[in-house]
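# Architecture and fold: a report
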Amino acid sequence: MREIYLDNNATTKVDERVFEEMRPYFCELYGNPSSMHFFGGQVQKKVDEARARVASLLGALPDEIVFTACGTESDNAAIRSALEVFPEKRHIITSRVEHPAVLTQCRNLTKRGYRVTELNVDGNGQLDLNELEKALDDDTAIVSLMYANNETGVIFPIEEAARIVKKKGAIFHTDAVQAVGKIQLNMAESAIDMLSISGHKLHAPKGVGVLYVRRGTPFRPFLVGGHQERGRRAGTENTASIIAMGKACQLAEQYMADEAGRVRELRDRLERELTALIPNTRINGGGTDRLPNTLSIAMEFVEGEGILLLLSDKGICASSGSACTSGSLEPSHVLRAMGVPFTCAHGSIRFSLSRFTTDDDIDAVIKELPPIISRLREMSPFGREYLVQK
Amino acid sequence: MWDYTDKVKEHFLNPRNVGEITDADAVGEVGSLACGDALKLFIKLDENKERIVDAKFQTFGCGSAIASSSALTEMVKGKTLDEALEITNQQIADFLGGLPEEKMHCSVMGQEALEAAIAKYRGVEAPAHGHGHDHVETEGELVCKCFGLTDVFLKKVIASNKLHTAEQVTHFTKAGGACGGCIPKIKELIAEVMGEEKKAAAEKPSKLTNLRKMQLIQETLENEVRPQLWADGGDLELIDIDGSTVQVAFRKACAGCASSGYTAKFVEQKLRELVSSDITVQEVQG
Ligand code: FES
């Protein structure tokens, strides 16, 4: 069975070219970049090159790039740093639809006496900047808002948000794990102070991330020890993965046009055809700016896990906003925050595309999904009046 | 992805008895859209209204909900209503070769639907625990508001499945799985059920056969002692039982813990309380 992988917001395939680039740095060029000898020095050069490549994708300066172990570490480091920089400030602002890497951390901090404001989103999953403005006060140390949502692809107006926050003197961080490589960012002209990236979301391996820290932003390291990453992240560099990250960013720069064009067209076609073929659907976040590769479609009266298992039986890998797939019992916090009715939230499926997605992949979903939905709806005690007559 | 047995997969991919019986003798409905799973069960009896000749279902829910419904309809066919009522959620799970613990609530839902159908047929008060906010009358006190579950229902599931942590209760009934506000109350219910069991045990004749004693020691360690050690990151292993001497070795956080002596005393106390008063516990390096 051919596998049709449409779960790229969960993780991506390592690009072969990325893999080739990192391969020598395990058994041959295994030097420690901190060593004084030539053997470590050549690795150091390659790490510098990677740093420059990441910086180039972001429109940033190489010394603004800090390599970490993952997006979660980047998020954690950013928030903790800001709180240490402003020990007198006790307020954090974030949103209800953040990734757990931010949300769980913020909620844990409330137990240590921090005040956390979680901004609401509207039915499209979009932020209200007035609400942000009102929530800010002199006590706010950091505002952390995601660039684009992993479940719906909804893009927040991050630059506007950052400018509002900077006027109040707080630090602005964005979790851009889903956005980087898919939409154009330019740190040189941005008001963002810190930004998180994860390698495995853009065809680098798992276990490497980046925290962008704008020059001049006060910073306190999360990991302390040696002087790696200019004292901002101790620990011997994960050199092979860092080198992979550099290559992945270079490729992402090249493929940005593809994401914006071909991938978006594939996504749009999938969306059009599925909504035409399956009655009683809605597109989560459909009414606002979204990532070009993400489609979150809600189908009434069916439950997500059933859909996923039947899709998987046909070789199609997607993901769901349903609770039953995760072992939790409520539908995703993102869909709930958007006020997606329960009738739909349980039956939401996310398809996330990548540069490797083909026309055939999309054709397969268009062919397989509609009969799966009618089959499950026929089995369901609800919404029977909506069943398609065959 | 869940680790489903082949039998679960088979019943999910090819569910038996999907649909409705228009002239059904009994219909039982549990769950709701909001809860994320629901089951409508139709039962048809023979001419003498004795045995179940047909059963069909409609399910909204995950893979295991569909598989459990399919299993249930297969299991009830040919049974009398009384025999059908004997079916436990554990038997539904066993029929499927087991369900992940997180999914046991699917099997409980099957058992509930069956009870509801039969109660309705007999014209008696449905064993209304309120699952799915569908029932107006509820027997007992509402414990979990999010999933509409009462103490009567929860205690029944706790007792029949021998649950001893709030997390397990969530896996079996969903109670506590949303806002979590009811978890303290669930813990109280567990304590209550355990207390009742202890009392029942105390009333049993004190003379135990050796085999029964060994069984009881093992059960007590598994159900009463180890879960408490796990909570603190520890564990123990039963090494040997010789008459009334029980040898255990401590593992994980308990191993090498300075207060393992106290832990051994705790274990001994539990065993004396629940098995027999002459037990001594020895800590050994195993
Ligand atoms: S009251 Fe039980 S989970 Fe909310």
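Calculation rules
Residues numbered from 1 in each chain as written. Chains lettered and ligands numbered in written order. Predicted model: local features only at pLDDT ≥ 70, side-chain atom pairs only at ≥ 80, totals over all residues. Heavy atoms only, no water. Salt bridge = Lys/Arg side-chain N within 4 Å of Asp/Glu carboxyl O. Helix = DSSP H or I, 4+ residues; strand = E, 2+ residues; numbered from the N terminus. Buried < 20%, exposed > 50% of the residue type's maximum accessible area, 1.4 Å probe, protein only. Core = buried A, V, L, I, M, F, W, Y, C linked by side-chain atoms within 4.5 Å. Contact = heavy atoms within 4.5 Å. Buried area = accessible area lost by both parts, 1.4 Å probe. Pairing = 2+ DSSP bridges. Axes fitted to C-alpha atoms, helices over the stretch in contact; angles between N-to-C directions. Expected span 1.5 Å × (residues − 1).

### Quick look at the pattern of salt bridges
- Going through the model one piece at a time under the given rule, you end up with 43 salt bridges over all chains.
- Ionic pairing is found between Arg53 of chain A and Glu21 of chain A, a salt bridge with its closest N-O pair at 3.0 Å. With a gap of 32 residues between them, Arg53 of chain A in helix 3 (residues 38-58) and Glu21 of chain A in helix 1 (residues 16-22) connect regions that are remote in the sequence. Considered together, Arg53 of chain A and Glu21 of chain A belong to a single accessibility category, that of buried residues.
- With a shortest N-O distance of 3.3 Å, Arg51 of chain B and Glu83 of chain B are connected by a salt bridge. Here Glu83 of chain B lies in helix 3 (residues 81-85) and Arg51 of chain B lies in the loop between strand 2 (37-45) and strand 3 (52-60), a separation of 32 residues in the sequence.
- Here Glu83 of chain B falls in the partly exposed class, since its relative accessible area comes to 35%.
- Each of Glu21, Lys46, Glu49, Arg53 and Lys247 of chain A takes part in a single network of salt bridges with overlapping partners.

### Here's the deal with the nonpolar core
- The biggest cluster of nonpolar side chains holds 86 residues, and the ones touching the most others in it are Leu274, Met299, Ile307, Phe351 and Leu369 of chain A together with Leu114 of chain B.
- Counting residues per element, this core draws most heavily on helix 12 (residues 359-379) of chain A, which supplies nine residues.
- When sequence neighbours within four positions are dropped, the list of residues in contact with Phe351 of chain A reads Leu6, Leu270, Leu274, Asn293, Thr294, Leu295, Ile297, Leu311, Ala318, Val365 and Leu369 of chain A.
- Grouped together as the second largest cluster of nonpolar side chains are 71 residues, Val121, Val143, Ala161 and Tyr212 of chain A included.

### Examining the interface of chain A and chain B
- Between chain A and chain B, the contact holds 25 residues from the first and 32 residues from the second.
- Across the interface of chain A and chain B, roughly 2,300 Å² is buried in total on both sides, 71% from carbon and sulfur atoms.
- For the pair chain A and chain B, the number of links is one salt bridge.
- Close ionic contact of Lys103 of chain B with Glu305 of chain A constitutes a salt bridge, the shortest N to O distance being 2.6 Å.
- Counting only elements with at least two residues in the side of chain A that touches chain B, the list comes to helix 9 (304-313), helix 11 (342-345) and helix 12 of chain A.
- When residues of the side of chain A that touches chain B are assigned to their parent elements, the largest contribution, six residues, is made by helix 9 of chain A.

### A word on the sheet that holds strand 7 (residues 245-252) of chain B
Residues and elements named next belong to chain B.
- The strand order across the open sheet formed by three strands is 6-7-8, and the pairing between neighbours is mixed. The sheet is open, and its two edges are formed by strand 6 (234-242) and strand 8 (280-283), each paired on a single side. Looking at each pair of strands side by side, their axes are set apart by 35° on average, direction ignored.
- Sheet topology note: the strand 6/strand 7 ladder contains eight bridges and is antiparallel. Of the residues in strand 7, the one forming a bridge with Asp242 is Thr245.

### Thoughts on helix 3 of chain A
All names here are of chain A.
- The terminal C-alpha atoms of helix 3, which comprises 21 residues, lie 30 Å apart, in line with the 30 Å expected from a rise of 1.5 Å per residue.
- Taken together, the buried positions of helix 3 are Phe39, Gly40, Val43, Lys46, Val47, Ala50, Arg51, Arg53, Val54, Ala55, Leu57 and Leu58.
- Of the surrounding elements, those touching the buried residues of helix 3 are helix 1, helix 2 (24-27), strand 2 (65-68), strand 7 (194-198), strand 8 (209-213) and helix 8 (239-277).
- Positive backbone phi, approximately 65°, marks Gly59, located one or two places after helix 3.

### Looking at the side chain of Lys213 of chain B
Residue and element names in this part refer to chain B.
- Mapped onto the secondary structure, Lys213 falls in helix 9 (residues 210-231).
- Given the relative accessible area of 11%, Lys213 is considered buried.
- Excluding anything up to four places from it in sequence, Lys213 contacts Leu208, Gly243, Ser244, Val275, Ser276 and Asp278.

### Focus on unusual backbone geometry
All names here are of chain B.
- Here Asn17, not a glycine, exhibits a phi torsion of approximately 60°, which is positive.
- Tracing the sequence through the fold places Asn17 in the loop between helix 1 (6-13) and strand 1 (26-32).
- One non-glycine residue, Lys174, lies in positive phi territory at about 80°.
- Along the polypeptide, Lys174 turns up in the loop between helix 7 (166-173) and helix 8 (183-203).

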